[in-house]
Amino acid sequence: MNKTSRFDLSVLLLLLGESPALPQSVQAKAQNVPEIPFESVPGLLKLPPTLHLGEAVGVATNSKGNIFVFTRSGETHLFEFQPNGTFVREIGRGLYGFLFAHAVRIDPQDNIWVVDEGTNMVIKFDPRGRVMMLIGRRPEPSEAPSEASAQPAPYRFNRPTDVAWDAAGNIFISDGYGNSRVAKYNKDGEFIKSIGSRGTAPAQFNTPHAIAVDSRGTVYVADRNNFRIQVFDNDLNYKTMYDQVGAPWAICISQGSHQYLYSSNSGSTNNEFVARFYTGEIYKMELDGTILGRFGKSGKQLGEFGSVHELDCRNPQEVLAGEITTWRVQKLLLNSKAGSVKVAR
Amino acid sequence: MRHPFRELFCRMSALLAAGLVLTTVLQGQAPEIAFDSSADFLKLPDGIYFGEVAGIATNSKGHAFVYARGGTTLASTGGSRTFTSGGSRLFEFDQTGKFLRELALGMYGLLFAEGVRVDAQDNIWLVDRGSNLVIKLNSEGRVSMVLGRKPEAAPAPGRGGGGGTGRGGVPGAGVAGDNFNGPTDIAWDTTGNIFVSDGYGNARIAKFDRNGAFIKSWGQKGKEAGQFDTPHSIALDASNNVYVADPGNRRIQVFDTDGNFKSLISNIGAPRAICISPQPPQFLFSSNSNDPAGYEDGEIYKLELDGKLVGRFGRAGTKIKQFGTVNAIDCRRPNELHVGELINWRVQKLTLR
């Protein structure tokens, strides 16, 4: 498949009659990474005739394997499906906090958390689907548009992106497009601290786009437009960074005694069709950043990715990917053998 | 001494003038094709309205799909951006004109309808000028492919940063790539390659393979061969020639499947909607639609594929058998056309005699 891609590209460049500078900057630095064989389950989600997925920016599973999808449809919707894809229900129809979906995550108690980039809110539903807690407030229509600030107010977000928790229930929020910070709250939603500003130095961010916490409380922040994953301790002190895996649009840490870190170097949603030949793959890593393998590439067919925006990897051999430009969720069954090949960085 | 170029110019002007006279005569000579019309063939249930009919297409069973500018457009403010939804609706009717259902209800990106076409496998393709999207639905109405991307939001008044605009470059530059800027229409060749006329902003034709991978793009704003002034409609014949309605330049341009220019068809006014009937002998229909600001022109031409005029019919107006800015023609059966009208908010089924 890769050979085909390169051939297509050379033909493309020939047809364009020019040789645009190849966008090496978007290509992941990691080379000779083993390919992990995988399959995509066809026709995964079955919606009633009157409901449709739009941009499937959020996907997560709960402890029973039920699948939650937060989508930018005509309006923003949150849908729940059984593990086999049968539609269960819509949660929060017409909710005041739903405007422009960004992410959904399920905590260890199966509470459902959504991050809405349009209303600047993080919303916690209990497993029944009742609103339990809110962080952030939707701006009033007459309010002046929010400005990016070096000292963001503790409880005001500016286009937040993702949420994660440690074992004690502390809440970590990546915020986001407008602010460039990570904020920590206790389990009751009380502000503890916030770090980061816009920039390229360690503990600075350029669009912190996803966040994950491992079982020891270490915090991983996908610093998308700086092409790196930054790692912090539980008090948000900077530890290290992984910068070999391209632009991390979506990251995920699996459960179980041996945790893995997944990161998607998603293809651009802009008009960068040449760059898409070099992006779209998902990496599987050890928590220390060792790259175990990669799988997939950009495209619209089953098993190809249309700008992956969120990953669920509760089961590390069964990854769910929510895509922007193809309006779908894929369930990816990874081959466990290939995943054990280690490659030095 | 006369400047040689000036002499040449004079001669060319004379030739052009003669040509204009000739074409006027030819146009005048195009025989009127007699036709009947039904404006209530498609029967809407009480409480459902079309609005401006931007797209009309039939499938192999004769079902009609209408993509119209109707319904309620919503705009909601977030922190610094305004999010829009709604504004266009897709309806399906059976071959007798009976209303079957509304499709794509609440779907993302149905903002400002521009076209609908049905491919050889009865997939339904929507072209939305407001969301810069081409959406492929299977015959059940489920999304099976998306081309382009809806701009995420409109910036709040006086501020930039709408984000994810899905565009690039200045208008008319014919920016290459798989995002659109005001797309207008879609067509396929016999192997399933996809051609999109794009459109109001971009002035180019984009070609994709059957799986939606971008292959190439040609054209930019201009008057030369291979340039466009609002490419507004596109159709392919059985030999995979690509016909592009170029209304701003008052012509149809014909290309091979790789975008190499082959020929021009003119003397048909400003073609806003074109259609090629699928069965041999194939005919090309082209509407010299009236500007929505008035009722000039409006006639539809029937041509052979080489551009030879067969005849013309109709004119602009509000009555039955008159046309209010035809934006789409369906010609699956060349003597039984469906035309979608913007300013008359209706579909007429025409029977040519």
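Before going further, it helps to spend a moment on the overall build of chain A. The helix and strand tally for chain A stands at 1 helix and 24 strands. Long-range contacts, defined here as pairs at least 24 residues apart, represent 48% of the contacts in chain A between residues at least 6 apart.

Once that is clear, we can look at the overall build of chain B. Broken down by element type, chain B carries 1 helix and 29 strands. By the burial criterion, 48% of the 353 residues in chain B qualify as buried. Here the contacts in chain B between residues at least 6 apart in sequence split such that 46% fall between residues at least 24 apart.

For the rest of this paragraph, the subject is the confidence of the model for chain B. Residues and elements named next belong to chain B. Counting all residues, the mean pLDDT for chain B is 90, and 88% of those residues have values of 70 or more. Residue range residues 1-5 is modelled with pLDDT below 50. Its contacts to residues more than four positions away, or to other chains, number 1 contact. This stretch, residues 158-168, has a pLDDT under 50; its non-local contacts, to residues over four places away or in other chains, come to 34 contacts. Predicted complex, confidence summary: ipTM 0.86, pTM 0.89.

Glancing now at the sheet that holds strand 23 (residues 318-323) of chain A. All names here are of chain A. In space, the 4 strands of this open sheet follow the order 1-24-23-22, with antiparallel pairing throughout. Here the strands that pair on one side only, and so sit at the sheet edges, are strand 1 (38-40) and strand 22 (308-315). Each strand axis lies, on average, 25° off the axis of its neighbour in the sheet, ignoring direction.

Before going further, it helps to spend a moment on the sheet that holds strand 21 (residues 291-295) of chain A. All names here are of chain A. The antiparallel open sheet is built from 4 strands, whose spatial order is 18-19-20-21. Whereas interior strands pair on both sides, the edge strands pair on one side only; in this sheet they are strand 18 (248-253) and strand 21. Pairwise comparison of adjacent strand axes, ignoring direction, gives a mean angle of 20° for this sheet. Examined bridge by bridge, strand 19 (residues 260-265) and strand 20 (residues 282-286) share 5 bridges and lie antiparallel to one another. Each residue of the ladder has a partner; that of Leu261, found in strand 20, is Met285.

A few words now on the interface of chain A and chain B. How big an interface is tends to be reported as the loss of accessible area on association of its parts. Taken together, the 33 residues of chain A in the interface contact 35 residues of chain B. Residues that form the side of chain A that touches chain B fall into these classes: 10 nonpolar, 18 polar and 5 charged.

Residues and elements named next belong to chain A. Counted residue by residue, strand 6 (residues 101-106) has 6 buried out of 6 residues, so it is predominantly covered. As judged from the 5 bridges shared by strand 6 and strand 7 (residues 112-116), these two strands associate in the antiparallel manner. Bridged to Ala101 within strand 7 is Asp116. In textbook terms, the turn of a hairpin is the stretch between consecutive antiparallel strands, and for strand 6 and strand 7 this stretch comprises 5 residues, one of which, Asp110, has a positive phi near 65°.

In this section: the environment of Ile320(B). Residue and element names in this part refer to chain B. You can see Ile320 is positioned in the loop between strand 25 (315-316) and strand 26 (322-323). Among the residues examined, Ile320 registers 13 C-beta atoms within 10 Å and is labelled partly exposed. For the pair Ile320 and Ser233, spaced 87 residues apart in sequence, the C-alpha to C-alpha distance is 24 Å. Not counting residues up to four positions away in its chain, the partners in contact with Ile320 are Ser37 and Ala39.

Here the focus is the environment of Arg142(B). Residues and elements named next belong to chain B. Summarising the element assignment, Arg142 is placed in the loop between strand 10 (133-137) and strand 11 (143-147). Note on Arg142: 16 C-beta atoms within 10 Å, which makes it partly exposed. Measuring from C-alpha to C-alpha, the distance between Arg142 and Ala104 comes to 7.7 Å, with 38 residues separating the pair along the chain.

Our next topic: unusual backbone geometry. With omega at 0°, the peptide bond leading from Asp198(B) into Gly199(B) counts as cis. Of note, the bond from Pro280(B) into Pro281(B) is cis; its omega dihedral lies within 30 degrees of zero at -10°. Mapping Pro281(B) onto the fold places it in the loop between strand 21 (273-276) and strand 22 (283-287). In this structure, Asn32(A) is a non-glycine residue whose phi angle is positive, near 55°.

Residues and elements named next belong to chain A. Residue-level pLDDT values for chain A average 90, and 88% of them are 70 or greater. Within the model, pLDDT remains below 50 along residues 1-22, and this stretch shows 7 contacts once partners closer than five positions in the same chain are excluded. Predicted confidence is poor over residues 338-345, with pLDDT under 50, and the contacts of this stretch with residues over four places away or in other chains come to 23 contacts.

With that settled, the discussion passes to the environment of Gly169(A). Counting through the fold element by element, Gly169(A) comes out in the loop between strand 10 (160-165) and strand 11 (171-175). The sequence separation of Gly169(A) and Pro108(A) amounts to 61 residues, and the corresponding C-alpha distance is 8.9 Å.

Cut-offs used in this document
- For every chain, the first residue of the written sequence is number 1, and numbering continues from 1 onward in sequence order.
- Each chain is given a letter, starting from A, and each ligand a number, starting from 1, according to the order in which they appear as written.
- For this predicted model, a pLDDT threshold of at least 70 governs which residues receive local features, and a threshold of 80 or more governs which side-chain atom pairs are given and counted, while totals over whole chains, interfaces and linings are taken from all residues.
- Counting from the N terminus, the helices are DSSP H or I runs at least four residues long and the strands are E runs at least two residues long.
- Two residues form a contact once the distance between their C-beta atoms, set from the backbone, is within 7 Å.
- Residue burial is a threshold on neighbouring C-beta atoms within 10 Å of the residue's own C-beta, all placed from the backbone, with 20 or more meaning buried, 12 or fewer meaning exposed, and counts in between meaning partly exposed.
- Confidence of the predictor at the level of single residues is captured by pLDDT, which takes values from 0 to 100.
- Pairs of strands are assigned from DSSP output, requiring at least two bridges between the strands.
- Between N-to-C directions, angles cover 0 to 180 degrees, with each direction set by a line fitted to C-alpha atoms, over the stretch in contact for helices.
- Classification convention: Asp, Glu, Lys, Arg as charged; Ala, Val, Leu, Ile, Met, Phe, Trp, Tyr, Cys, Pro as nonpolar; all other residues, Gly among them, as polar.

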